[in-house]
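Observations on the model geometry
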Amino acid sequence: MVLDALELVSAKVTLLPASSLFAGVGDLPILECTTAKCRALIALQGAQVLSFCPVGEDDLLWLSPLESFEPGKAIRGGIPLCLPWFGVNRREPELPKHGFARNQPWALDNIAESADGDLEISFLFQPSEADLCIFPCLFSAQLTILLANDLTLSLSVRNNSDDTMPLSFAMHSYFAVSGLSALGLNGVEGAEYLDNCEQLARFIQHEALHFTGEIDRVYEGLSGQQCINGTQRNIVINGRGCDTVVVWNPGEALAKDMADVGLHFSEYVCVERGMAFADELQLAPGQQHLAVMTLAQAC
């Protein structure tokens, strides 16, 4: 960890155990970041943004109130980084879902403050020897988080091996909503999608998406902008280099069997940006891929 970077902006960034922020949980280290524009929480495990509150506004992100913050266990909520593969590994389905980077500590690389008060925080990740046993491609990943009026994540992955590297990933955003019944998602109209509730059968989204029951859809090659339209606010998601859009909510029936969701299923929707399924990348030796996602609240 670059402790000197923390000292540069010590009044705005504090390293705390999770137990000091949330009662009755583990001690995973978390950065608490407070500026004139926003407050954010970032776990060093997975370089995972857990909370982002623009000043005077509610949190854009949902974090499970049932989360235990156990080391090595996926954190339910915020923005997990699923890589170097997303979902089930299509080559070796017995491997853990969503890769291994989200469950491991990332190294804090740098913290910088701009003249107008924005904070930029960078993290680095490289696979361990144990990771390379199940994914034999040496790579490095860098995540840069820009905390301003909006939230921007820039994820760069480089293939450092001598062979072509398959890469699929997602920035698995959990957005806080005030209920599902009146919620709509725009920016998917007219697009084809794979329905994971129907064995990945392919359909066409004829209109805005509404959340009735379980939703688990993959829109390949969509890119563009999506907007979550709620009764109290709208949330806009923009991205480049992350053309796959995954939309997920477990619905009431499935959520009952999820220990860290349960009755809280109607408090969030996931609208994820990444490159997966037909958008999976094949990185040549030395090749790097950059994905940028920006989240903003709109009137």
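Below: a short report on this structure. Per-chain numbering applies: the sequence of each chain, read as written, is numbered from 1 onward. Thresholds applied to this predicted model are a pLDDT of at least 70 for local features of residues and 80 or more for the giving and counting of side-chain atom pairs; totals over whole chains, interfaces and linings are not thresholded and use all residues. Only hydrogens and water are set aside; all other atoms, that is, all heavy atoms of the structure, feed into the side-chain values.

With that settled, the discussion passes to the pattern of salt bridges. The term salt bridge refers to a side-chain nitrogen of Lys or Arg lying within 4 Å of a carboxyl oxygen of Asp or Glu. On inspection of all chains with the given rule, the structure shows 10 salt bridges. In this structure, Glu-32 and Arg-39 form a salt bridge, with 2.8 Å as the shortest nitrogen-oxygen distance. You can call Arg-39 partly exposed: its relative accessible area is 30%. Ionic pairing is found between Glu-220 and Arg-202, a salt bridge with its closest N-O pair at 3.2 Å. With Glu-220 in the loop between β17 (215-219) and β18 (225-229) and Arg-202 in strand β15 (residues 201-204), the pair connects residues that are 18 residues apart, well separated along the chain. Looking at Arg-202, the relative accessible area reads 45%, which means it is partly exposed. Each of Lys-37, Asp-116 and Asp-118 takes part in salt bridges that share partners, so that together they form one network. The buried label goes to any residue with under 20% of its type's maximum accessible area, the exposed label to any with over 50%, and the partly exposed label to all in between, with areas taken from a 1.4 Å probe on protein chains only. Elements are defined by DSSP. Helices are runs of H or I of four residues or more, strands are runs of E of two residues or more, and each kind is numbered from the N terminus.

Ordered in space as β1-β2-β3-β4, the 4 strands form an open sheet in which the pairing is antiparallel. Strands at the two margins of the open sheet, each flanked by one partner only, are β1 (13-17) and β4 (48-54). Mean inter-strand twist for the sheet, computed between neighbouring axes without regard to direction, equals 20 degrees. Any two strands between which DSSP finds at least two bridges are classified as paired. Alignment of strand β3 (residues 38-43) against β4, held across 6 bridges, turns out to be antiparallel. Opposite Leu-41, over in β4, you have Ser-51 as the bridge partner. Here the axes come from fitting lines to C-alpha atoms, over the contacting stretch only for helices, and the angles between their N-to-C directions go from 0 to 180 degrees.

What follows covers the environment of Ser-161. Residue placement: Ser-161 occurs in the loop between β9 (151-159) and β10 (165-167). Judged by its relative accessible area of 12%, Ser-161 falls in the buried class. Here the alpha-carbon distance between Ser-161 and Arg-102, two residues 59 residues apart in the chain, equals 21 Å. Contacts are assigned to residue pairs that have any heavy atoms within 4.5 Å of one another. The residues touching Ser-161, leaving out its near neighbours within four places in the chain, are Cys-137, Leu-138, Pro-285 and Gly-286.

Distances and angles like these do not, on their own, reveal function.
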